[in-house]
Amino acid sequence: MRTFVVILGATMLFVPAAAHAAEADKEAMSETLQIKPIVDARLRWESVDQGELNADAVTLRLRAGAEVKLGAFSLFAEGEGTVAPVNDYNAFPFPIDDGQRRPQFAVVADPQNAELNRLQLQYKSEPLTATVGRQRINLDDQRWVGSVGWRQNEQTFDAARGEAKLGPASLDLTYAMAQRTIFGEDAGPQTSFRGDFVFAGIGSNLGPVEGKLFSYVLDYDEDFFLANSSQTYGGFLNGTFPVRAAKLSLRASYARQSDYGSNPFDFAADYWSFEGGAKLAGFTLTGGWEQLGSDNGRALQTPMATLHKFNGWADLFLTTPASGLEDAYVSVGKTFDGMKLLPGLNANVVFHQFDSAVGDVEYGTEWDASLSFKIGKVGLLLKYADYNAQDFGADTRKLWLQAEWAF
């Protein structure tokens, strides 16, 4: 709680200056009450072939809420519900006394669920944003903290967050007391993980280069989750540079993670990531290498990340293996501009080579592919993942068909 008090105190120091700047902007401080309804729906079919385990899931997710704004203040409330007309799948990859736990099927982590997704109060001006309540938090590329937006029930946080800008510099500071997981209201102790969680970052833009230093300190309360209590400190640099007719992007990141709080294990592991890409004539070519290290038989973990974005869409590495993980990947994407029948048509193919960080174990390879476009306000997606196991996991193939609409 001391951390919470410090963060709130720091936020309050920013408020007077932010209020003074906002007062000069009469339009931003207009006393007109504004109400904006928010509705989005997503229908998805997911098929899984995992050797002896298979699954078919048709799920429909609906979010509905409203944002009420008065001057620089806003109140946001949103409910979320998921139904499964076809439920031949295991919604919970952990033991639980619930009808949606079906171990005879492969896992599709989209349980039927109804809950309060977000309820937040926010103050927003040019230099400062302060948000308190149940909220969505996506930090940077979501490698460490994200909303897990791929799953039907997203991850949110009960938190207080302050974001400040001063010229080219930015400060982002969050204290969270609960991580509300993707498994929803019926997941027992896995519904929400309580603890003391601090996310801090300070960054700057210098021309085409962006840099940031970050810190993630996680101290879980639940006995069965104490092994994920950790402290992570690191940073990244990325930049985009024009090279004749092409656009070159580069990114590098490093972090060091060690045990923290009541974690019963002693370890300190490194994280490395390098990625380069080029865009030319509608094509995007990307190559990269990521390592999640291991020490004393304990691997670096990212339990709050949007994990589906990383290490293959088949989701074999949501938990880092004890020997760590190295992921070498290359992708080719193509945007088809000017197609009136299929506006926004985009195709992407990715290849991954997975190995251990220590011990020279070849885990497997994976091919991923996607095709997306829009018809009116409806976004359509076809997506496929094919993991070929060698010394880790089982051969896994997944196919998705999805339609998404937002108002």
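Conventions used here
- Once a new chain begins, its residue numbering starts again from 1 and follows that chain's sequence as written.
- With pLDDT at 70 or above as the cut-off, local features in this predicted model cover only qualifying residues; side-chain atom pairs require 80 or more to be listed or tallied, and sums for whole chains, interfaces and linings still use all residues.
- Each side-chain value is worked out from all heavy atoms of the structure, with water and hydrogens disregarded.
- Residues qualify for a patch when their relative accessible area is over 30% and they have no salt bridge, like charges being joined within 9 Å and the nonpolar side chains of Val, Leu, Ile, Met, Phe, Trp and Tyr within 5 Å.
- Method for areas: the Shrake-Rupley scheme with a 1.4 Å probe, in which residue coverage is limited to the protein chains shown.
- We count a salt bridge whenever a side-chain nitrogen from Lys or Arg sits within 4 Å of a carboxyl oxygen from Asp or Glu.
- A helix here means a DSSP run of H or I that spans at least four residues, while a strand means a run of E at least two residues long, and both kinds are numbered starting from the N terminus.
- Note on aromatic contacts: the rings of Phe and Tyr and the six-membered ring of Trp form a pair at centre separations within 6.5 Å, being stacked when their planes are under 30 degrees apart, edge-to-face when over 60 apart, and tilted otherwise.
- Burial classes follow relative accessibility: with a 1.4 Å probe on protein chains only, a residue under 20% of its type's maximum area counts as buried, one over 50% as exposed, and anything between as partly exposed.
- Joining through side-chain atoms within 4.5 Å is the link that ties buried Ala, Val, Leu, Ile, Met, Phe, Trp, Tyr and Cys residues into a set, and such a set is a nonpolar core.
- Contact between two residues is taken to exist if any of their heavy atoms lie within 4.5 Å; hydrogens are not considered.
- Distance and chemistry together define a polar contact, namely a pair of N or O atoms within 3.5 Å, with one atom able to donate a hydrogen and the other to accept it when in protein, and with adjacent residues in sequence counting only for side-chain atoms on both sides.

Colleague: Summarise a nonpolar patch on the surface; cite the residues concerned and give the values.
Modeller: On the surface, a nonpolar cluster with roughly 810 Å² of combined accessible area is contributed by Leu-33, Ile-35, Val-68, Leu-70, Phe-73, Leu-75, Leu-116, Leu-119 and Leu-121. Listed by contribution, the elements that provide at least two residues to the nonpolar patch are β1 (33-50), β2 (53-70), β3 (73-88) and β4 (113-124). A total of three residues in the nonpolar patch trace back to one element, the largest contributor, which is β4. Position of Val-68 among the secondary structure elements: in strand β2.

Colleague: Can you break down the packing of aromatic side chains residue by residue, with the values?
Modeller: Summed over the entire model, instances satisfying the criterion amount to 28 aromatic pairs. Both rings, one in Phe-214 and one in Tyr-216, keep their centres 5.3 Å apart while their planes meet at 35°; by these two values the pair is tilted. With a relative accessible area of 5%, Phe-214 lands in the buried category. Here the aromatic rings of Trp-272 and Phe-274 are separated by 6.0 Å at their centres, their planes lie at 20°, and the arrangement is stacked. The exposure class assigned to Trp-272 is partly exposed, which follows from its relative accessible area of 33%.

Colleague: Tell me what's going on with the nonpolar core, and back it up with residues and numbers.
Modeller: Residues Trp-144, Val-145, Phe-157, Phe-199 and Met-304 are the most contacted members of the largest nonpolar core, which totals 23 residues. Contributing elements (two or more residues each) for this core: β6 (156-166), β8 (192-206), β9 (209-220) and β12 (268-280). In terms of residues, this core owes the most to one element, β9, which gives four residues. Excluding residues within four positions of it along the chain, Phe-157 makes contact with Gly-133, Arg-134, Gln-135, Ile-137, Val-145, Gly-146, Ala-176, Ala-178, Gln-179, Phe-199 and Met-304.

Colleague: Could you give an account of the side chain of Asp-110, naming the residues involved and the relevant values?
Modeller: Structurally, the position occupied by Asp-110 is in the loop between β3 and β4. Classification of Asp-110 as buried rests on a relative accessible area of 1%. Reaching out from Asp-110, the side chain makes a polar contact with the side chain of Arg-151 at a distance of 2.7 Å. At a separation of 2.9 Å, a polar atom in the side chain of Asp-110 contacts the main-chain amide nitrogen of Gln-152. When near neighbours in sequence (up to four residues on either side) are disregarded, Asp-110 contacts Arg-44, Glu-46, Thr-59, Tyr-89, Arg-151 and Gln-152.

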